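Descriptive structure summary
Listed here are the chains, written in short residue letters.
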Amino acid sequence: MQAFRHFRTISRHRHQVIRHCIKAGIGWQGLFHDLSKYSPAEFWAGAKYYQGTRSPNEVEREKFGYSPAWLHHKGRNRHHFEYWNDYNPATKKVQPVKMPLRYVVEMLCDRVAASKIYQGDNYTPAHPLEYFLRGKPRRSIHPDTSDLLEEWLTMLRDEGEDATFAHVRKMVKENKEY
């Protein structure tokens, strides 16, 4: 039963992301969103630690101190800022890299969809921004990427989904960099 619930949750989330990606102008990219969640390395851990109100990776991380499923996931999905860390030859440290625009757009779509799935009927357009701000002090993300995502999440809260996705779609269409 846990496996079915997990499958239903990740599928609902994925389909919501696809809808958002279409609104944001990256529909084709959205079709490939989170396919690795159906791989054995991620799916069975997700089913085992499924709770329905938060990521199973958090539960796995609490149990072991790390999440093998998350390490697998973030290494294969470019819409996660954690993917964009690399060795900087000048500083000789691993540092965040500025994400390409299309992956920041997918990250926005992912965060909004996750808030909708996990908050259910309690969802408000403020939830994705609140979640983002709670983790901001601990996050290792390129400052420009962080600023852009925060700008869009603030716009979502203040102006709504239609205005935000229209703004993002225009940036994608114009191939604007940030």
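Below or above, wherever it landed, is the structure these notes cover. (Residues numbered from 1 in each chain as written. Predicted model: local features only at pLDDT ≥ 70, side-chain atom pairs only at ≥ 80, totals over all residues. Heavy atoms only, no water.)

**Some words on the overall build of the protein chain**
Assigned secondary structure in the protein chain consists of 9 helices and 2 strands. Listed by position from the N terminus, the elements making up the protein chain come as α-α-α-α-α-β-β-α-α-α-α. The C-alpha atoms of the protein chain give a radius of gyration of 16 Å, which matches the 16 Å a tight globule of 178 residues would have. Dimensions along the principal axes, computed over C-alpha positions, put the protein chain at roughly 45 × 45 × 30 Å. Residue burial in the protein chain is summarised as follows: out of 178 residues, 46% are buried. Intrachain contacts of the protein chain at a sequence separation of at least 6 include 61% that bridge at least 24 residues. (Helix = DSSP H or I, 4+ residues; strand = E, 2+ residues; numbered from the N terminus. Rg over C-alpha atoms; globule rule 2.2 N^0.38 Å. Buried < 20%, exposed > 50% of the residue type's maximum accessible area, 1.4 Å probe, protein only. Contact = heavy atoms within 4.5 Å.)

**Notes on helix α7 (residues 127-135)**
Looking only at α7, the buried set comprises His 127, Pro 128, Leu 129, Phe 132 and Gly 135. Against α6 (101-119) and α8 (143-159) lie the buried residues of α7.

**Structural notes on the pairing of strand β2 (residues 93-96)**
Direction of pairing for strand β1 (residues 85-88) relative to β2: antiparallel, over a ladder of 4 bridges. Each residue of the ladder has a partner; that of Asp 86, found in β2, is Gln 95. In sequence, β1 turns back onto β2 through a hairpin of 4 residues, with Lys 92 there showing a positive phi of about 60°. (Pairing = 2+ DSSP bridges.)

**Brief notes about the packing of α6 against α7**
Running from N to C, α6 and α7 cross one another at 105°; their axes reach a closest spacing of 9 Å. Viewed along their axes, α6 and α7 adopt a mutual orientation that is roughly perpendicular. Every residue of α7 that contacts α6 at Arg 111, Val 112, Ser 115 and Gln 119 is listed here: His 127, Pro 128, Tyr 131 and Phe 132. (Axes fitted to C-alpha atoms, helices over the stretch in contact; angles between N-to-C directions. Parallel < 35°, antiparallel > 145°, perpendicular 65-115°, else oblique.)

**What to know about the packing of α6 against helix α9 (residues 161-173)**
The contact between α6 and α9 brings their axes to 10 Å, and the two run at 160°. Classified by the angle their axes make, α6 and α9 are roughly antiparallel. The hand of the α6/α9 crossing is left-handed. When α6 is examined against α9, the residues Leu 101, Val 105, Leu 108, Cys 109, Val 112 and Lys 116 are found in contact with a partner set consisting of Glu 161, Thr 164, Phe 165, Val 168, Met 171 and Val 172. A breakdown of the residues in the contact of α6 with α9 according to their chemical character gives 9 nonpolar, 1 polar and 2 charged. (Left-handed = near helix turned anticlockwise from the far one by under 90°. Nonpolar A, V, L, I, M, F, W, Y, C, P; charged D, E, K, R; others polar.)

Just distances and angles here, no functional claims.
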